[in-house]
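Below, each chain spelled out in residue letters.
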Amino acid sequence: MADNYLERRMEDYRNGRLKPRSTKSSTRRATSQTATLDHMRVYVTAGTSTAGIAIIRHLRQAGCRVAFCDTDNHKGSHTAQQTGSQFHSMTGGYNDISLTRSIDHVFTHWGGLDVLIDTADIVSPHIADLLRDRGVALMLLHLPDGCGSASALLPHVISSLADTSTVL
């Protein structure tokens, strides 16, 4: 019985259904932006970059389901554990086939995807067209790693996600 419980919990974790537990009690009320982001399904490319991690953390705190891809397995697994997000490995490098498989996995297990945030400029025009055909908003956000401005852009990213019609 314990094995089944652990297997179910691991599957929930992999599918992004588990929220990270906070050690702090929060008395802060949700803002209207945060409330509109609750349950939004978001995919982030290059999730272990400085900008990617900041975006993932912020979106998870806002209640979004977040999946991300990266080529660094160690850092990706660590980020997924710390944020309660879903990691998709791209160890063979970013290419259309592996990215499409990863996105299809999210579609299958989450019943769709609302927004894809491309922080690494890896989404080809072919994949962008497929995403638009599926009704997924595409946000291109390319920042050099270590530029330090990811935190300053988070309010803009969140407000753009709150009204995904501005993202298209």
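Residues numbered from 1 in each chain as written. Predicted model: local features only at pLDDT ≥ 70, side-chain atom pairs only at ≥ 80, totals over all residues. Heavy atoms only, no water.

1. Looking at the pattern of salt bridges
According to the stated counting rule, one finds 3 salt bridges in the structure shown. Here Arg134 and Asp104 are joined by a salt bridge, their closest N and O atoms 2.8 Å apart. Taken together, the positions of Arg134 in the loop between helix 6 (125–133) and strand 5 (137–140) and Asp104 in helix 5 (residues 96–110) put the pair 30 residues apart, joining distant regions of the chain. When the shortest N-O distance is used, the salt bridge between Asp129 and Arg132 registers 3.9 Å. Taken as a pair, Asp129 and Arg132 lie in helix 6 at a separation of 3 residues, close to a single helical turn. (Salt bridge = Lys/Arg side-chain N within 4 Å of Asp/Glu carboxyl O. Helix = DSSP H or I, 4+ residues; strand = E, 2+ residues; numbered from the N terminus.)

2. Some remarks on the packing of aromatic side chains
According to the stated counting rule, one finds 1 aromatic pair in the structure shown. Aromatic pair Phe68 and Phe87: ring centres 5.3 Å apart, planes at 40°, arrangement tilted. Here Phe68, found in strand 2 (residues 65–70), pairs with Phe87, found in strand 3 (residues 86–89); they are 19 residues apart in sequence, far enough to count as distant. When sorted by exposure, Phe68 lands in the same class as Phe87, which is buried. (Phe/Tyr/Trp six-rings, centres within 6.5 Å; stacked < 30°, edge-to-face > 60°. Buried < 20%, exposed > 50% of the residue type's maximum accessible area, 1.4 Å probe, protein only.)

3. Describing the pairing of strand 3
Pairing between strand 2 and strand 3: 4 bridges, direction parallel. Considered in strand 3, the bridge of Cys69 is made with His88. Handedness of the crossover joining strand 2 and strand 3 through helix 4 (residues 73–83): right-handed. (Pairing = 2+ DSSP bridges. Right-handed = clockwise from strand over helix to strand, strands pointing away.)

4. Considerations on helix 4
Every buried residue of helix 4 is listed here: Gly76, Thr79, Ala80 and Thr83. Along helix 4, the residues classed as buried sweep out an arc of 100° about the axis, all on the same side. With respect to the buried face of helix 4, the exposed residues turned more than 90 degrees away are His74 and Gln81. (Arc of directions from axis to C-beta.)

5. Quick look at the side chain of Thr119
Of note, Thr119 is situated in the loop between strand 4 (115–118) and helix 6. Since its relative accessible area comes to 5%, Thr119 is described here as buried.

6. Focus on the sheet that holds strand 2
Pairing is parallel across the open sheet formed by 5 strands, whose spatial order is 3-2-1-4-5. Two strands close off the open sheet at either side, each with one partner strand: strand 3 and strand 5. Strand-to-strand twist across the sheet, computed as the mean angle between neighbouring axes with direction ignored, equals 20°. Of the strands in this sheet, strand 1 (41–45), strand 2 and strand 4 are in contact with helix 3 (residues 50–61), which crosses strand 2 at around 165°. (Axes fitted to C-alpha atoms, helices over the stretch in contact; angles between N-to-C directions. Contact = heavy atoms within 4.5 Å.)

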